[in-house]
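So you can see what is in the structure, the chains are spelled out below.
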Amino acid sequence: MQQPTNGCSQHNGEHLHASSSDQQNGTADMTGGDNSSAAVNGELLPKTMGKTDQDIVRLIGQHLKTIGLNRTADLLMQESGCRLDHPAAAKFRQHVMDGDWNKADNDLNELKSLLESSSQRLNEMKFLLLEQKYLEFLEDGRLYDALHVLRNELTPLQHNTDKVHQLSSGKDDLMSRANWSGKGQKSRTLLMDRLQEFLPPTIMLPPRRLHTLVTQAVELQKDRCPYHNTKSEQNLDTISLLVDHHCSRDQFPCETTQVLNDHCDEVWYCRFSPDGTKLATGSKDTTVIIWDVDADTMTCQHRKTLDGHSYGVAYLAWSPDSSHLIACGPEDCPELWLWNVDTEELRVKVHHSPEDSLTACSWHADGTKFVTGGIRGQFYQCDLEGNVLDSWEGVRVNSLWCRSDAKTVLAADTHHRVRSYNFDELSDTTVLQEDHPVMTFSVNKGDRLALLNVATQGVHLWDLRDRCLLRKFQGVTQGHFTIHSCFGGANQDFVASGSEDNKVYVWHIKRELPIATLAGHTRTVNCVSWNPVHHQMLASVSDDCTVRIWGPAPAYRHSASSSASSSASASAASNFKPGCTPEDSSTSSNGSVWHDMLS
């Protein structure tokens, strides 16, 4: 009899046989007519259902079987008139789980007519069965039987010959290279999961299909949640399926947890270290300040002030291991400072010519080299001692980024482009072209997306692989000042940028309108940095001479906000920049006032 494609019995005169464990009086004629359940000789007749309801019943039945409620699943199938699997597929599964390989092979011949592209799929399924059979014989010490399978069954199949050669290697090496988990239910279940990929879902449901659908639904809800800021995971045990997923704005870093006033002039740049434990800020006051991050209170404590940058500090770059820090100056700065943060000592000062302009830099992924350059045409690749390893003549650089392949460098130039340079091959190519100057840019961890601050245009998101503009984020005010934006969040789903209207703007990477606008600074916000480890923590710096730390509402912090306030006050009282008065450093959390008087 031709089986219906939806996996359920038809109701036009066909018969459904109940399972032997529930059937008491032989086979019942289940020809359900209306939506109410009837009974004949004590047995339930199936309801009439649409295809969607039938699919749902099958999914529930499969899940019940998975968690061991077999009798409940059988009763559900009996009452609904549905069945989980085609009879031939159900028999095939049983023989595989029993390790009855000859019967399982015969079952495949019955299933052949039900397979799409049957010849290729059948060969692949036969190969998987024979591989399991061969490995189980080897584990049992039945070497002659295993050799027989290899020579007389696997080899004549002429399928996946490379794997056959691998199977013919030594037993010890084979078990590890084949990821063999040992004979038994575990390996046979894994085998059955692989075999089910070749069977249409109308014949046999894919493994754990209901769990897959629920996981997809949860992930879609998280994807649509504008404030979702935790690591993606497939485990459903930590969430409730009874309500839709929703993250409160209070969980997002939208509140000021601390205002740092240790700088005595405009603060131009900030960057958290890759390990999330330190924050570096650079200022027009010629200092770099290193701060220790307290993740519990969402605050920072003064650690060390690095002096001597006579031109001011406009850009900072941490080494991948968070041990070294490069400091660059503004446009007229011909030198670069490389600090060992662990020892708090200057390792080297790179200075080749007074005509240089070293305003941008970036580390290679291995941490042994870095690149630097500026708008006067310098573009160097250097080692940790400041020695120039390679140079590219005539490239006027606004911003630099080393890609994850440890050999390609992206550079924004004065022709409104971002170009790719390979120092090993001495090749270069244009990656993207804007209509206005690219002031700064950064690349996400996946090395796929680029975030550009474009003069008079704002913040643009580009796809580096497809070389297309994905999104223009709205709201930010961007003229010709240098403003730095960043990716952030647990999955780098967010973008944050400073603005000339004194605010910090935060967007979800898939939305053009901001999801949060953070107010508090009183002058242009030059740079924003998102902590790469503690994802509820943001830092921003401004021409108002302050550094602001942003975190979630007090209820979502690890400790009370009073602890953060007292910690901030202690930091401000005990650490202030030489040349500033104590009154300068004790400015209230509403922002600095004295710099407005000076300006």
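Just so we're clear, the structure is a prediction, and the values are computed from it rather than from any experiment.

I keep staring at the overall build of the chain and nothing clicks. Help me out?
Helix and strand counts for the chain stand at 13 helices and 30 strands. Across the 599 residues of the chain, 51% fall into the buried class. Sequence-distant contacts in the chain: of pairs separated by 6 or more residues, those separated by 24 or more amount to 50%. Of the roughly 27300 Å² of accessible surface on the chain, a fraction of 48% belongs to carbon and sulfur atoms.

How do you make sense of the UniProt feature "repeat: WD" (unreviewed entry) in the chain when you look at a structure like this?
Summarizing the sequence annotation, UniProt attributes the feature "repeat: WD" (unreviewed entry) to residues 260-301, 306-337 and 518-550 in the numbering used throughout. When the span residues 306-337 is considered, its composition is 0% helix and 38% strand, and the gap between its end C-alpha atoms is 10 Å. Secondary structure within residues 518-550 divides into 0% helix and 48% strand; the distance between the first and last C-alpha atoms comes to 9 Å.

Would you explain the confidence of the model for the chain in this entry?
Reading predicted coordinates in detail is not appropriate for stretches of low pLDDT. On average, the chain scores 83 in pLDDT, and the residues at 70 or more come to 82%. This model gives residues 1-6 a pLDDT under 50, and the stretch forms 11 contacts once residues within four places in sequence are excluded. Scored below 50 in pLDDT, residues 9-37 shows 53 contacts in the model against residues more than four places distant or in partner chains.

Would you take a moment to explain the side chain of Thr-408 for this structure?
Assignment of secondary structure puts Thr-408 in strand S17 (residues 408-413). Taking the relative accessible area as the measure of exposure, Thr-408 reaches 10% and is therefore buried. Within the structure, Thr-408 has its side chain in polar contact with the side chain of Asp-405 (distance 2.6 Å). Ignoring any residue separated from it by four or fewer positions in sequence, one finds Thr-408 in contact with Trp-401, Cys-402, Arg-403, Ser-420, Tyr-421 and Asn-422.

Which parts of the structure should I look at to understand the packing of aromatic side chains?
The geometry of an aromatic ring pair is captured by two quantities: the separation of the ring centres and the angle between the planes. Inspection of every chain in the model, using the stated rule, returns 13 aromatic pairs. One aromatic cluster is present, built from ring pairs that chain together Tyr-227, Phe-252, Phe-494 and Trp-530.

Help me out: how do you make sense of the state of the cysteines in this one?
By definition, a disulfide links the sulfur atoms of two cysteines through a covalent bond. Under the defined criterion, the tally for this structure stands at zero disulfides. Here Cys-402 stays free of any disulfide, with the sulfur of Cys-361 as its closest cysteine sulfur at 9.1 Å. For Cys-402, a relative accessible area of 8% puts it in the buried group.

What should I look at first to understand unusual backbone geometry in this one?
In this structure, Arg-208 is a non-glycine residue whose phi angle is positive, near 50°. Assignment of secondary structure puts Arg-208 in the loop between helix H9 (185-196) and helix H10 (209-224). Look at Leu-426: it is not a glycine, yet its phi comes out positive at around 55°. For Leu-426, a relative accessible area of 63% translates into the label exposed.

Could you clarify how one ought to interpret the sheet that holds strand S18 (residues 417-422) in this entry?
Paired through backbone hydrogen bonds, the strands of a sheet run either parallel or antiparallel to each other. Judged by pairing direction, the sheet is antiparallel, and its four strands sit side by side in the order S16-S17-S18-S19 without closing on themselves. Every interior strand has two partners, whereas the edge strands, strand S16 (397-402) and strand S19 (427-433), have only one. Adjacent strand axes in the sheet meet at a mean angle of 25°, parallel and antiparallel pairs treated alike. Inspection of the sheet shows S18 paired to S19 by six bridges, in the antiparallel sense.

Is there a simple way to think about the pairing of strand S22 (residues 458-463) in this case?
Two faces belong to every sheet, and in a regular strand the side chains alternate between them. Burial runs high along S22: six of the six residues are buried. A loop of three residues connects strand S21 (residues 449-454) with S22, the two strands running antiparallel in sequence, and Thr-456 in this loop sits at a positive phi of about 65°. Relative to strand S23 (residues 468-473), S22 runs antiparallel, the two being bridged by five bridges. Across the sheet, Asp-463 pairs through a bridge with Cys-468, a residue of S23. Connecting S22 to the antiparallel partner S23 that follows it, the hairpin turn spans four residues, and Arg-467 within it adopts a positive phi of roughly 55°.

What's the story with the sheet that holds strand S9 (residues 324-328) in this structure? I'm lost.
One open sheet holds the four strands; their spatial order is S8-S9-S10-S11, and the pairing between them is antiparallel. Unpaired on one side and paired on the other, strand S8 (315-318) and strand S11 (345-350) mark the two borders of the sheet. Between one strand axis and the next, the sheet turns by 20° as a mean value, whatever way the strands run. Across five bridges, S9 lies against strand S10 (residues 336-340) in antiparallel orientation. Bridged to Ala-327 within S10 is Trp-337.

Is there a simple way to think about the pattern of salt bridges in this case?
When the charged atoms of two side chains with opposite charge come close together, those side chains can pair. In the structure shown here, the tally under the stated rule is 25 salt bridges. Of the charged contacts in the structure, one is a salt bridge between Arg-142 and Asp-145, with a shortest N-O distance of 2.9 Å. Taken together, the salt bridges that share partners define one network made up of Arg-448, Asp-463, Arg-465 and Asp-466.

Sorry if this is basic, but what is going on with helix H4 (residues 101-111) here?
In an α-helix, one full turn covers 3.6 residues, which means residues spaced three or four apart are oriented alike. Every buried residue belonging to H4 is among Trp-101, Ala-104, Asp-107, Leu-108 and Leu-111, and all of these are buried. For H4, the angular spread of buried residues about the axis comes to 110°, placing them on one side.

It is not clear to me how the packing of helix H3 (residues 87-98) against H9 should be interpreted in this structure. Could you clarify?
When two helices pack together, you describe them by how their axes are tilted relative to each other and by the distance separating the axes. Relative to each other, H3 and H9 sit at 150°, their axes nearing to 9 Å. For the element pair H3 / H9, the angle class is roughly antiparallel. H3 and H9 meet at a crossing whose hand is right-handed. Together, Phe-92, Arg-93, Val-96, Met-97 and Asp-98 of H3 and Gln-185, Arg-188, Thr-189, Leu-191, Met-192, Leu-195 and Gln-196 of H9 make up the contact between the two elements.

What is the right way to read the environment of Lys-445 from this model?
Within the fold, Lys-445 resides in the loop between strand S20 (438-443) and S21. Sequence separation between Lys-445 and Asn-491 is 46 residues; the distance between their C-alpha atoms is 9.3 Å. Contact partners of Lys-445, with chain neighbours within four places excluded, come to Gln-492 and Pro-532.

Basis of the calculations
Residues numbered from 1 in each chain as written. Predicted model: local features only at pLDDT ≥ 70, side-chain atom pairs only at ≥ 80, totals over all residues. Heavy atoms only, no water. Helix = DSSP H or I, 4+ residues; strand = E, 2+ residues; numbered from the N terminus. Buried < 20%, exposed > 50% of the residue type's maximum accessible area, 1.4 Å probe, protein only. Contact = heavy atoms within 4.5 Å. Areas by Shrake-Rupley, 256 points an atom, 1.4 Å probe, with all protein chains shown as cover. UniProt positions renumbered as here; feature names shortened; annotations may be inferred. pLDDT = per-residue confidence, 0-100. Polar contact = N/O pair within 3.5 Å; in protein donor to acceptor, adjacent residues only side chain to side chain. Phe/Tyr/Trp six-rings, centres within 6.5 Å; stacked < 30°, edge-to-face > 60°. Disulfide = S-S within 2.5 Å. Pairing = 2+ DSSP bridges. Axes fitted to C-alpha atoms, helices over the stretch in contact; angles between N-to-C directions. Salt bridge = Lys/Arg side-chain N within 4 Å of Asp/Glu carboxyl O. Arc of directions from axis to C-beta. Parallel < 35°, antiparallel > 145°, perpendicular 65-115°, else oblique. Left-handed = near helix turned anticlockwise from the far one by under 90°.

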